Amino acid sequence: LDYSQEPPRHPCLKINAKEPFNAEPPRDALISSYITPTDLFYKRNHGPIPVVDDIKRYHVLIGGLIENPIQLSMDDIRKLPKYDVTATLQCAGNRRTAMSEVRKVKGVGWDVCALGNATWGGAKLSDVLKLVGLTQCTIVTPLGGRHVEFTSVDNCKEEKGGPYKASIPLIQATNPEADVLLAYEMNGKILNRDHGYPLRVVVPGVIGARSVKWLDKIDIIKDECQGFFMQKDYKMFPPTVNWDNIDWSTRKPQMDFPVQCAICSLDDDNLVQVGKVVVGGYAVAGGGRGIERVDISVDGGKTWIEADRYQKDNVPYAADDINSDKWAWVLFRAVVPVPRNTEIIAKAVDSAANVQPENVDDIWNLRGILNTSWHRVRVRRSP
Ligand code: MTE
Ligand code: MO
């Protein structure tokens, strides 16, 4: 694997692994804007960033279990109606470092910033699939296809040098309301190499691993994708499963992510001068659910106060507001008293009343995915 053609990156990013390049922004930078600037957006890769330089010759093949396979150029994709969808992409490994502190897990360590909120511009996958005769509500094609597989042009060691792959159910892919995009823009600019130039999939509300970058082909397939990242990774196991007794076939690939939040205005350990502190951060729910509440405690979880929530331009947020971005995070803020040395905790509730687990131990899993436990930071009063 050749890492000699990596693009330049922002010096502020905290590098968790160099090759493949995995990096996240600092906490305070992450919540300084509702839309995450592209250069500060976390980068999660499993191999070198591919070079696609002959855009005239670039095309996406659509094949598999359909009667008439087609080939689409970038021009063909740009001719389809363009949608701008603001969606938060979150890596399933977000907050893995903290899970590893309980008991060691396997995988790249991440603090709380392996996510970002961007406006993705592109064609809807549902429109693209109409071109091969697949309409909304198709559960199975006449040839027996039930899943849509995305294959990349990159190469990674987990696939023994082959490309990264993932799939989603056909019913989701053909549903225009699911807002699955083939994106060629990120935050109003042409998608850059790190994030999938020239074309990537964006599956809103689902763990980042299914949003395949550098798309090469789309296949309609019978069973879900058999690739490494669908079958031997990104599955949720109970804490009793270890590397000696694991049977990967017993679990489904993780799709939607659960409700999550983290404090980003404070570090793990803080020394504060004054009697009050700003508790700011993000909260996000999978599957298009909204954030109903964010609770903050300064007494180890005995009592809670509700934080203010907002999305664009500091406008107060409501989960059921038609102007809210349903796939996007919510930023929160509360000013709380710090009476003594204490732990500050944040936890969110989504619109289906799902809550975050209190302790990381209960959701510990050997791959260290989906650490959505209450986020805790320590605060000491300086004398
Ligand atoms: N697509 C390809 N082709 N190769 C990859 O390594 N990583 C996935 C996904 N798509 C990956 C990929 C994972 S695990 C995540 S979390 C997101 O891309 C990260 O997207 P980003 O780097 O644009 O933030
Ligand atoms: Mo990821």
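This structure is a prediction, so every number in the text was calculated from the model and none was measured.

Enquirer: It is not clear to me how the site of ligand 1 should be interpreted in this structure. Could you clarify?
Expert: Near ligand 1 you find 18 residues, and of these His 46, Cys 91, Ser 152, Tyr 164 and Gly 208 are the closest. Classifying every residue of the shell around ligand 1 gives 8 nonpolar, 6 polar and 4 charged.

Enquirer: I tried to follow the UniProt feature "domain: Oxidoreductase molybdopterin-binding" (unreviewed entry) in the chain on my own but got confused; where do I start?
Expert: Summarizing the sequence annotation, UniProt attributes the feature "domain: Oxidoreductase molybdopterin-binding" (unreviewed entry) to residues 46-228 in the numbering used throughout. Each end of residues 46-228 is marked by a C-alpha atom, and these two atoms are 11 Å apart; helix forms 13% of the span and strand 32%.

Enquirer: Please explain the UniProt feature "domain: Moybdenum cofactor oxidoreductase dimerisation" (unreviewed entry) in the chain as it appears in this structure.
Expert: Following the UniProt record, the feature "domain: Moybdenum cofactor oxidoreductase dimerisation" (unreviewed entry) maps to residues 252-381 here. Taken end to end, residues 252-381 is 0% helix and 41% strand, and its first and last C-alpha atoms sit 46 Å apart.

Enquirer: I would appreciate a short explanation of the environment of Leu 65 in the present structure.
Expert: By secondary structure assignment, the location of Leu 65 is in the loop between β4 (59-64) and β5 (70-73). Expressed as a C-alpha distance, the spacing of Leu 65 and Leu 134, which sit 69 residues apart in the sequence, is 11 Å.

Enquirer: Before we go on, may I ask you to explain the domain arrangement of the chain in this structure?
Expert: Interface extent is often summarised as the accessible area lost during association of the parts. Under the domain assignment, the chain is made up of domain 1 (14-250) and domain 2 (260-381). Counting from both sides, the interface comprises 38 residues of domain 1 and, opposite them, 29 residues of domain 2. Of all the elements in the fold, those that place two or more residues in the side of domain 1 that touches domain 2 are α1 (27-30), β6 (82-90), α3 (96-102) and β7 (115-124). Broken down by class, the residue content of the side of domain 1 that touches domain 2 amounts to 21 nonpolar, 9 polar and 8 charged.

Enquirer: Please clarify how the sheet that holds strand β19 (residues 308-310) should be interpreted in this entry.
Expert: Strands in a sheet are paired, the pairing made by backbone hydrogen bonds, and the direction either parallel or antiparallel. Spatial ordering of the open sheet is given by β14-β16-β20-β19, a layout of 4 strands whose pairing is antiparallel. Only two strands of the sheet have a single partner each, and these edge strands are β14 (260-263) and β19. Across the sheet, the mean angle from the axis of one strand to that of its neighbour is 25°, orientation sign disregarded. Pairing of β14 with strand β16 (residues 276-284), which is carried by 4 bridges, proceeds in the antiparallel orientation. Bridged to Ala 262 within β16 is Tyr 282.

Enquirer: Explain the environment of Val 360 here, please?
Expert: Examined against the element boundaries, Val 360 turns out to sit in the loop between β21 (342-350) and β22 (375-381). By C-beta crowding, Val 360 is classed as partly exposed, having 19 other C-beta atoms within 10 Å. Each C-alpha atom, one on Val 360 and one on Ser 100, is 9.7 Å from the other, the two residues being 260 residues apart in sequence. Each residue touching Val 360, except ones within four places of it in the same chain, is listed here: Ala 98, Met 99, Val 102, Asn 371 and Ser 373.

Calculation criteria
- Residues numbered from 1 in each chain as written.
- Chains lettered and ligands numbered in written order.
- Predicted model: local features only at pLDDT ≥ 70, side-chain atom pairs only at ≥ 80, totals over all residues.
- Near = placed C-beta within 6 Å.
- Nonpolar A, V, L, I, M, F, W, Y, C, P; charged D, E, K, R; others polar.
- UniProt positions renumbered as here; feature names shortened; annotations may be inferred.
- Helix = DSSP H or I, 4+ residues; strand = E, 2+ residues; numbered from the N terminus.
- Domains from an automatic or database assignment.
- Contact = placed C-beta atoms within 7 Å.
- Pairing = 2+ DSSP bridges.
- Axes fitted to C-alpha atoms, helices over the stretch in contact; angles between N-to-C directions.
- Buried ≥ 20, exposed ≤ 12 C-beta atoms within 10 Å, placed from the backbone.

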